[in-house]
Amino acid sequence: MIPGSGPTTTTSVSSTSSTTTTTTSSTSSTTTSSTSTTTSTSSTTTTTTSSSSSTTSTSSTTTSTTSSTTTTTIDPCDPTLCRRSTRPSAGRLDIRDRSGDDRDSLLWRYEGGAATSLAEFGNPSVDGTLTLCIANGPSRWLQIVDGHALCGKPPCWKPSAKGWKLRSLSSAALPIDTVQLTAGADGKTRISIGGSGVGVHVPALPLTLPIDVVLRSSTGACWASTFTEYHVQSNWPASFRAAPTS
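It should be emphasised that the depicted structure is a prediction, and the values quoted were computed from it without experimental measurement. (Residues numbered from 1 in each chain as written. Predicted model: local features only at pLDDT ≥ 70, side-chain atom pairs only at ≥ 80, totals over all residues. Heavy atoms only, no water.)

**Here we look at the overall build of the protein**
Okay, step 1: Within the protein, the regular secondary structure consists of zero helices and 12 strands.
Okay, step 2: Counting from the amino terminus, helix and strand elements in the protein follow one another as β-β-β-β-β-β-β-β-β-β-β-β.
Okay, step 3: In the protein, which comprises 246 residues, the proportion classed as buried is 33%.
Okay, step 4: Sequence-distant contacts in the protein: of pairs separated by 6 or more residues, those separated by 24 or more amount to 62%.
Okay, step 5: On the protein, roughly 16,400 Å² of surface is accessible, and the fraction owed to carbon and sulfur atoms is 49%. (Helix = DSSP H or I, 4+ residues; strand = E, 2+ residues; numbered from the N terminus. Buried < 20%, exposed > 50% of the residue type's maximum accessible area, 1.4 Å probe, protein only. Contact = heavy atoms within 4.5 Å. Areas by Shrake-Rupley, 256 points an atom, 1.4 Å probe, with all protein chains shown as cover.)

**Some thoughts on the pairing of strand β2 (residues 105–113)**
Okay, step 1: The sheet contact formed by strand β1 (residues 92–96) and β2 spans five bridges and is antiparallel. Bridge pairing in β2 places Arg96 opposite Ser105.
Okay, step 2: The pairing of β2 with strand β8 (residues 189–196) spans seven bridges and is antiparallel. When the bridges of β8 are listed, Leu107 appears paired with Gly194. (Pairing = 2+ DSSP bridges.)

**A word on unusual backbone geometry**
Okay, step 1: Each neighbour pair has its own omega, and for Leu205 with Pro206 the value is -5°, a cis peptide bond.
Okay, step 2: Its location among the elements puts Pro206 in the loop between β8 and β9 (211–216).
Okay, step 3: Going from Leu209 to Pro210, the amide bond is cis rather than trans, its omega being 0°.
Okay, step 4: Within the secondary structure layout, Pro210 lies in the loop between β8 and β9.

**A short note on the sheet that holds β9**
Okay, step 1: Pairing is antiparallel in the open sheet, where four strands are placed in the order β4-β3-β9-β10. Taken across any chain shown, the strands that pair with only one partner, and hence form the sheet edges, are β4 (139–146) and β10 (222–227). Strand-to-strand twist across the sheet, computed as the mean angle between neighbouring axes with direction ignored, equals 15°.
Okay, step 2: Looking at chain direction, strand β3 (residues 129–136) and β9 are connected through five bridges and run antiparallel. Its bridge partner lying in β9, Leu132 is registered against Leu215. (Axes fitted to C-alpha atoms, helices over the stretch in contact; angles between N-to-C directions.)

**With respect to the sheet that holds β8**
Okay, step 1: Read across the open sheet, the eight strands follow the order β5-β6-β7-β8-β2-β1-β12-β11; overall the sheet is antiparallel. The sheet terminates laterally at β5 (157–159) and β11 (232–235), the two strands that pair on one side only. Within this sheet the neighbouring strands show an average axis-to-axis angle of 10°, counted without direction.
Okay, step 2: As judged from the six bridges shared by strand β7 (residues 176–182) and β8, these two strands associate in the antiparallel manner. In the sheet register, Val179 faces β8, and the bridge partner there is Ile193.

**Details of the environment of Gly137**
Okay, step 1: By the element assignment, Gly137 lies in the loop between β3 and β4.
Okay, step 2: Once the C-alpha coordinates of Gly137 and Thr208 are considered, the two residues, 71 residues apart in sequence, prove to be 8.8 Å apart.

**Let's talk about the pairing of strand β12 (residues 239–242)**
Okay, step 1: As defined by bridge partners, β1 adjoins β12 across four bridges and the pair is classed as antiparallel. Bridging across to β12, Leu93 finds its partner in Ala242.
Okay, step 2: In the sheet, β11 pairs with β12 via three bridges, with the strands oriented antiparallel. In the sheet register, Ser234 faces β12, and the bridge partner there is Arg241.
Okay, step 3: Here β11 folds back onto β12, and the loop between the two strands holds three residues.

**Topic: the side chain of Asp104**
Okay, step 1: Inspection of the secondary structure assignment puts Asp104 in the loop between β1 and β2.
Okay, step 2: Summary of buried charges: Asp104 has no salt-bridge partner, and the nearest side chain of opposite charge, Arg98, is 6.9 Å away.
Okay, step 3: Contact partners of Asp104, with chain neighbours within four places excluded, come to Arg96, Asp97, Arg98, Gly195, Ser196, Gly197 and Val202. (Lys, Arg positive; Asp, Glu negative; His and termini not counted. Salt bridge = Lys/Arg side-chain N within 4 Å of Asp/Glu carboxyl O.)

**Considering the state of the cysteines**
Okay, step 1: All chains considered together, the criterion is met by two disulfides.
Okay, step 2: Across a sulfur-sulfur distance of 1.8 Å, Cys77 and Cys133 are joined as a disulfide pair. Judged by the sign of its S-S torsion, about 95°, the bond between Cys77 and Cys133 is right-handed. Here Cys133 lies in strand β3 and Cys77 lies in the segment before β1, a separation of 56 residues in the sequence.
Okay, step 3: Residue Cys77 is classed as buried on the basis of its relative accessible area, which comes to 5%.
Okay, step 4: The class of Cys133 is buried, set by a relative accessible area of 1%. (Disulfide = S-S within 2.5 Å.)

Below is the structure:
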């Protein structure tokens, strides 16, 4: 006790420490997986049916043909493939070119010609025209014989057993007013063509030789004579006359 001090009270505090322990209990669960295997036995019965099949196979072959059309322009004055006379110096050519075209005239005769059928003359009264050409090199004169033109007194064309004959009563309607076509064997074919008047196309005279005269029908068949200096009888400014070489 300290002198001069009052009574002293001593308080003892007792502290109780409480410790709480939390215990976590872990439960381990073990799952046992049981695998059940089922074995299935499958019995398969296979029935095989044998079928004999006979098949007839037909093989079809298709042939494709391509048609090509070629257009060929024919020169009406080309004598290359034309029929010639089988007798030298047979036939003649007469041309008159007088003052005043109404007095002009033309006559061509083709005799002793190569074999020609009636069909090769065509049907001039129905299927078109005849073309007569007089040519010396690049110079040429065409005369069309129109089978459908008026001839003054129809019928213009008269058929016969061996050919055709044209006779016009009017040279104004048909400048070429006389035509005779006669078919035959070798040496028997004959052609005569004549006309006069302003419609006749005659070349300017005198002519430069040689001269080709070609007649072509609507069928494409043609007949030709060639005139050379050797066969010319006259070749003047107003007239020409000659016999063919073949």
